[in-house]
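Descriptive analysis of the structure
One letter stands for each residue in the lines below.
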Amino acid sequence: MDFTLSEEQQLIRDSIKDFTERHVAPGVKERDAKKEFPRDIIRMLAEQGFLGMVHPEKYGGGGIDSISYCLGIEEIARWDASLALTVASHTSLGSGHIALAGTDRQKEKYLTPLARGEKLAGWCLTEPGSGSDASGLKTTAVKKEDHWMLNGTKIFITQGSVGDIFVVLSKTDPDKGTKGISAFIVESEWEGVQSGGKMEKLGMNSSDTTEVYFENVRVPEENLLGELNNGFVDTMKVLDGGRIGIGALSVGIARGALEESITYAGERKQFGSPIGDFQAIETKLADMATEIDAARFLVHRAAWLKDRDKPFKQAASMGKLFASELAVRAADEAVQIHGGYGYIKEYHVERFLRDAKLMTIGEGTSEVQRMIIARELKKEYWG
């Protein structure tokens, strides 16, 4: 096995690392405190081509491989998980669904401006009464001659108030359960589309999260995304791919926690010595570093499988599960290493801990990941 990154992968990683250190890191505490969506940085990311990295060049993307994408997300998340979440949700979910299931015409009209970063995408799946059970959604789309009439409420939508193009999952044949769900491309400026107020959250404060309401929204029939009543199948594929990005994001948070801890442990002195010389702190740093490498390998394995059109569902869930729970552990240890200073906002680590928790919830909870892994194991061993 060759774990060496290609020259192109190294270049992409180094380019995004340089960008984040110069433009993202300096204002991250202020953005978190003010809960500001970083429109200026998003614009710069778009100019650098970072908002369409994995999409085909034909539609304005960069055409890079999934491992390069993971490296990019990790570098952004090392400093600003909120920004990394914006990039990941825009790329993997919103525009990713169009890339997966869209027609050439839909890709030309919608994927191209999304890949170029001219517009932002939102992915509308979760509802007040349906989270992990995506099949329980209540939003409906009813056929009316040459259009669909869309009604429903979505919650916890990333880019909910700043998104330009939404992919909305709805029931088109309520009696068929998961076999009666379809996806639609909806423009945020259409009549009947309205975003709720920004939600107060534990973390990810500069990521935009709101409810989105659809009231008698007239959706042209050509905006049906994928096959009629096949939206649930496509949604599961989108989530499988999205979990790779969340895994990389989690690795970035954990790495940030480790690097901040190493620096602090070398500077902070107690009993006449740097605390990094104490065995208890050495053990924490060693465990964090080892688990971060393990998490990165799991995530990259899933990305490698995806790029080769090999089954990657189980690998994506394993990577997401391990990396997300590691992000919480690593951030918690970082706060402990920093002691009282870790509990105040002067240092980055308290934000890492607040941001990390979402990783074990979003795009499938840890419990759901374990369920997926177990089911894949049973298929393999039981047939």
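In what follows, the structure referred to is the one given above.
Conventions adopted
- Residues numbered from 1 in each chain as written.
- Predicted model: local features only at pLDDT ≥ 70, side-chain atom pairs only at ≥ 80, totals over all residues.
- Heavy atoms only, no water.
- Helix = DSSP H or I, 4+ residues; strand = E, 2+ residues; numbered from the N terminus.
- Buried < 20%, exposed > 50% of the residue type's maximum accessible area, 1.4 Å probe, protein only.
- Contact = heavy atoms within 4.5 Å.
- Axes fitted to C-alpha atoms, helices over the stretch in contact; angles between N-to-C directions.
- Parallel < 35°, antiparallel > 145°, perpendicular 65-115°, else oblique.
- Left-handed = near helix turned anticlockwise from the far one by under 90°.
- Nonpolar A, V, L, I, M, F, W, Y, C, P; charged D, E, K, R; others polar.
- Phe/Tyr/Trp six-rings, centres within 6.5 Å; stacked < 30°, edge-to-face > 60°.
- Lys NZ or Arg CZ within 6 Å of the ring centre and 35° of its normal.

Attention now moves to the environment of Ile373. Residue placement: Ile373 occurs in helix H11 (residues 366-382). Owing to a relative accessible area of 10%, Ile373 belongs among the buried residues under this scheme. Distance from Ile373 to Ala316, taken between C-alpha atoms, is 9.3 Å for residues 57 residues apart in sequence. Ignoring any residue separated from it by four or fewer positions in sequence, one finds Ile373 in contact with Gln314, Ser317, Met318 and Leu321.

As a further point, take the packing of helix H3 (residues 39-47) against helix H5 (residues 81-101). Interaxial distance between H3 and H5 falls to 12 Å at its minimum, and their mutual angle equals 50°. The orientation of H3 relative to H5 falls into the category oblique. The way H3 lies across H5 gives a crossing that is right-handed. Residue-level inspection shows Ile41, Ile42 and Leu45 of H3 in contact with H5, the latter providing Leu83, Thr86 and Val87. For the contact of H3 with H5, the residue count by class is five nonpolar, one polar and no charged.

Once that is clear, we can look at the packing of aromatic side chains. Throughout the structure, instances matching the rule amount to eight aromatic pairs. One aromatic cluster is present, built from ring pairs that chain together Tyr264, Tyr341 and Tyr347. The ring of Trp79 has Arg78 sitting right over it, with the charged end atom 3.8 Å from the ring centre. Sitting over the ring of Trp148, Lys143 keeps its end group 5.9 Å from the ring centre.

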